[in-house]
Amino acid sequence: MSAAGLDVGAERLDAPPRTGRRLQWWHWLVIALAGLFVLSVLEAVTGANDIVSSGAIAAAFGLAVPIALAGLGGLWSERAGVVNIGLEGMMILGTWGAAFAAVHWGAWAGIIGGIVGGLIGGLIHAIATVTFGVDHIVSGVALNIIGLGVAKYLSARFFANLPGGGPTQSPSLPDLPRLTIGGLSDGLKSVEDDNIFFVSQIAAVLRALCTDLSVLTLLAVVLFVATWWVLWRTAFGLRLRSCGESPVAAESLGVNVIRYKFLAVLMSGALAGLGGAFLSLVAAGIYRDGQTGGRGYIGLAAMIFGNWRPGGLLAGSTLFGYTDAIQLRAGTQTVHAFLLFVAVVLVAVGLWQVIRNHRLVQGIGAIIMGALVAVWYFTTDAVAGELTSTMPYVTTLLVLVFASQRLRMPAADGQVYRKGEGH
Amino acid sequence: MTAFEPRRLLLSVAAPLLALLVAFLVTSLVLSAVGDPVMDVWKTLLAKPRPRQLVQMINAASVLYISAIAVAIGFRMNLFNIGVDGQYRVAAFAGALFAGQAWLPGFLNVLLTLVVAMVAGGLWAGIAAYLKVKRGVSEVISTIMLNAIATGVVQWMLLKVADRREGSNAIGTKRIPESSQLEGFQLIPGAQNRVYTLILLSVLVGLLYWFIINKTRFGFDLRATGQSETAAVASGVKVPRMVMTAMIASGAVAGLIGMPLLFGQDHNYGTTFQAGLGFAGIGIALLGRNHPVGIAIASLLWAFLDQQSNALQINAGVAAELVNIIQGVILFAVVIAYELIRRADLRLEQQKVARELAAQRPAPTTEGASA
């Protein structure tokens, strides 16, 4: 078996023709603004007013950070060619490590504790996959089993007899400092409250960005920029990525592939552990069994969605965080409003297929689907809570359906490398 | 496969034993590092199970076995069906719903329910297969998403069809009729409880798996695709079609996981139905190296550890989740041991060939040329 998976020959599109330059930073800004505009229209049309409130956006960022950190961990290891499905286990170790350190030595030590917890997971994965050449998925699955077991076992052992703690949860943890840019936040709040179309929504997003930010969120932002810079702008990063693209070629140029891969997986563990620390220290303020809730897997999905690049990963985690936030807040109404959006998009896609691509069957299919969703929207007032809880996953899946043919993973991702075996 | 060689056989038995030893040592180290009573833990875990526990162990193993086979079907062709967990819950719900209607009498109801569950599991897996073949979505990611979606969808439908009984918070589907409940076999002397009747289903699944994988054209194509995709394509295997078939087959088998539980124990699908069987199946399939007999041994070991861990809290004051650590370490140790043995085997083979070549040609003329 190899973790590289099967290439089933689903027609892969070549990279979009590069006319001139790649996407610049301002392209992303325009795309983000366009998305925001669509959401503003949706908010105005449906009257569901929690679609773009600063509360929803802030919640979205809070939910996106741990996913983004896990995804960033995945990015490091997969760029060096090691598939990391063990992110979930590393994250779990991070939640426990952060809680243990925070209980005994304070909140700042908690950050270190989370990193150390994740690092231990990364070390196990690195020894298994890089040193011993075990299949990456196998090692990841085993790591997830161990991570879950270790955290539950240790929390029963160390938290049960603490005041306020129990066998499945820690005492409440000390807080990390939070930052608010006072004047700016208040000014933006008044703009948001004025309810001017689109302007208020922009204000809401900006307000969420400068209000009540955890230091861990800021650290995550720094780590994103640092990762991009290290991996794409330094010789070290070039070598590390070459290990994921063609380890044999890298070896022939004198790169110590084993060492780079090992380092990358360790880094991956540390970042996933930090994501776990965010969950227990910042998001919940307490360690609980099963706290990660599969966020390690979601981080992996966000990274794939982001085409193994930091910018795309950020977009993927924000999307997931946002859909999760709105379903957690006024889920049943807000998700109901999104039905209208989905209906419009489906009809538009259908018309496009019929008129431009002359694909009658697909086009009419999409239009019928859109009509059905529209009927659903107009005949009901809310979506059942059980269904809204699946919204982040459905969204991720749908986005992958439309995007995945344009994705390209590192060429040697998931392949077991052994020194001196290239011919 | 090469001819029977005693060295190979010895090595493949040595690996699991070595892994168990490593797991024993690592767990003991963890226990003593944390300050828990090492001896008490092992005394509890390795105690002789009572007849009642033995029955529970066999029952648990029979369910885990189906789960691991479902995973193994995909693994054999390099397809990672992480979604067995979602597939079996969707299928168990569909099966329980169907069986509860009692449209057919007695045993016919059971048989048709099995078919319904297989179809439901296959369809749910079919989504992931379709997305992989048509849209190139990695099955690892799509099945993980589908697991989460299955949780929401099943919960929602359960609330729609729930059969609420007085004085209970648990909700579930309508109970299956008495005539379709299977009371089980009295296999273990001295035990009050019975072994699931549908353990026969596990045996059947195992036999069919062995036959199809090893003795049919389809199985050959499946293994060929798993071992070398390019070679398989060159010999005329249509990989997309294989992906569809294998994934749906895997999902259909996954659909059977809940059936022994449904007919032998729970008699309906509700919020208390056993969860997480799919993930255990992944570990067991890896431990058993996708081999029908290996998986049987692995699922018995898994069930043994699960069952024995119940007493850990009472007898040794240690959380039962310790057993997850042991299972994980065994898994790591086994795969590492097999890898090391594979390398050693390869080296011995190379040396043997080199010796034979050297004997044929005493004076090598081309030195340093590489293939």
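Note that the structure is predicted; figures quoted are calculated from it, not measured.

1. Overview of the overall build of chain B
Along chain B, the regular secondary structure elements total 15 helices and zero strands. Along the first, second and third principal axes, the C-alpha atoms of chain B reach 90 × 55 × 35 Å. Of all 371 residues assigned to chain B, the portion counted as buried reaches 51%. Sequence-distant contacts in chain B: of pairs separated by 6 or more residues, those separated by 24 or more amount to 75%. Counting only carbon and sulfur atoms, one obtains 65% of the accessible surface of chain B, whose full area is about 17700 Å². Across chain B, the mean location of the 29 positive side-chain charges is 5 Å away from that of the 19 negative side-chain charges.

2. Points about a nonpolar patch on the surface
Residue and element names in this part refer to chain A. Taken together, the side chains of Leu-360, Val-361, Ile-364, Ile-368 and Leu-372 make up a nonpolar region of the molecular surface, amounting to roughly 510 Å² of accessible area. You can see Val-361 is positioned in helix α15 (residues 360-379). Relative accessible area serves as the criterion here: at 70%, Val-361 is assigned to the exposed category.

3. A closer look at the interface of chain B and chain A
Contacts between chain B and chain A engage 56 residues on the former and 54 residues on the latter. With both sides pooled, the region where chain B packs onto chain A buries about 4700 Å², and carbon together with sulfur makes up 75% of that total. Contact with chain A buries surface across chain B, with B:Arg135, B:Met145 and B:Phe332 losing the most and accounting together for 15% of the total. On inspection of chain B and its partner chain A, the count reaches one salt bridge. Where chain B meets chain A, there are five residue pairs in polar contact (both at pLDDT 80 or more).

4. Points about the side chain of B:Gln327
All names here are of chain B. Examined against the element boundaries, Gln-327 turns out to sit in helix α15 (residues 322-360). The class of Gln-327 is buried, set by a relative accessible area of 3%. What Gln-327 contacts, discounting residues up to four positions off in sequence, is Trp-302, Leu-305 and Asp-306.

5. Overview of the pattern of salt bridges
Scanning the model with the defined rule gives nine salt bridges over all chains in all. Note that B:Asp36 is salt-bridged to A:Arg157, the shortest N-O span being 3.0 Å. One end of the pair, B:Asp36, is in the loop between α1 (6-34) and α2 (38-45); the other, A:Arg157, is in helix α5 (residues 136-158), on a second chain. Put simply, B:Arg89 and B:Asp85 hold a salt bridge, and the shortest N to O gap is 3.1 Å.

6. A closer look at the packing of helix α9 (residues 235-245) of chain A against helix α11 (residues 257-284) of chain A
All names here are of chain A. Here α9 crosses α11 at 100 degrees, and the two axes come no closer than 9 Å. Overall, the two elements α9 and α11 adopt an arrangement that is roughly perpendicular. For the pair formed by α9 and α11, the contact residues are Phe-236, Arg-239, Leu-240 and Cys-243 on the first element and Val-257, Tyr-260, Lys-261, Leu-263 and Ala-264 on the second. Its residues placed into classes, the contact of α9 with α11 shows seven nonpolar, no polar and two charged.

7. Comments concerning the nonpolar core
Counting residues in hydrophobic clusters, the biggest one holds 188 residues, and the most contacted among them are A:Tyr153, A:Leu281, B:Met259, B:Phe263 and B:Leu322. Broken down by element, the residue count for this core peaks at 15 residues, all from α15(B). If you count residues domain by domain, this core takes at least three from each of domain 1 (49-330) and domain 2 (331-408) of chain A. Grouped together as the second largest cluster of nonpolar side chains are 25 residues, A:Leu42, A:Val335, A:Phe338 and A:Val373 included.

8. Some details on helix α4 (residues 107-131) of chain A
Between its first and last C-alpha, α4(A) extends 35 Å over 25 residues, near the 36 Å set by a 1.5 Å rise per residue. Two residues or fewer after α4(A) comes A:Gly133, characterised by a positive phi angle close to 65 degrees.

9. Some remarks on the packing of aromatic side chains
All names here are of chain A. Going through the model one piece at a time under the given rule, you end up with 14 aromatic pairs over all chains. With 5.3 Å between their ring centres and 35 degrees between their planes, Phe-236 and Tyr-260 make a pair best called tilted. In this pair, Phe-236 sits in helix α9 while Tyr-260 sits in helix α11, placing the two residues 24 residues apart along the sequence. With a centroid separation of 4.8 Å and 80 degrees between ring planes, the pair formed by Tyr-377 and Phe-378 is classed as edge-to-face. By relative accessible area, Tyr-377 is classed as buried at 12%.

10. Focus on the environment of B:Glu321
You can see B:Glu321 is positioned in the loop between α14 (312-316) and α15. Linking B:Glu321 and B:Phe107, residues 214 residues apart in sequence, is a C-alpha distance of 39 Å. When near neighbours in sequence (up to four residues on either side) are disregarded, B:Glu321 contacts A:Gly149, A:Lys152 and A:Tyr153.

Reading the values: rules and limits
Residues numbered from 1 in each chain as written. Chains lettered and ligands numbered in written order. Predicted model: local features only at pLDDT ≥ 70, side-chain atom pairs only at ≥ 80, totals over all residues. Heavy atoms only, no water. Helix = DSSP H or I, 4+ residues; strand = E, 2+ residues; numbered from the N terminus. Buried < 20%, exposed > 50% of the residue type's maximum accessible area, 1.4 Å probe, protein only. Contact = heavy atoms within 4.5 Å. Areas by Shrake-Rupley, 256 points an atom, 1.4 Å probe, with all protein chains shown as cover. Lys, Arg positive; Asp, Glu negative; His and termini not counted. Charge placed at Lys NZ, Arg CZ, Asp CG, Glu CD. Patch = residues over 30% accessible without salt bridge, like charges linked within 9 Å, V, L, I, M, F, W, Y side chains within 5 Å. Salt bridge = Lys/Arg side-chain N within 4 Å of Asp/Glu carboxyl O. Buried area = accessible area lost by both parts, 1.4 Å probe. Polar contact = N/O pair within 3.5 Å; in protein donor to acceptor, adjacent residues only side chain to side chain. Axes fitted to C-alpha atoms, helices over the stretch in contact; angles between N-to-C directions. Parallel < 35°, antiparallel > 145°, perpendicular 65-115°, else oblique. Nonpolar A, V, L, I, M, F, W, Y, C, P; charged D, E, K, R; others polar. Core = buried A, V, L, I, M, F, W, Y, C linked by side-chain atoms within 4.5 Å. Domains from an automatic or database assignment. Expected span 1.5 Å × (residues − 1). Phe/Tyr/Trp six-rings, centres within 6.5 Å; stacked < 30°, edge-to-face > 60°.

Note that all results are geometric; they support no functional claim without further evidence.
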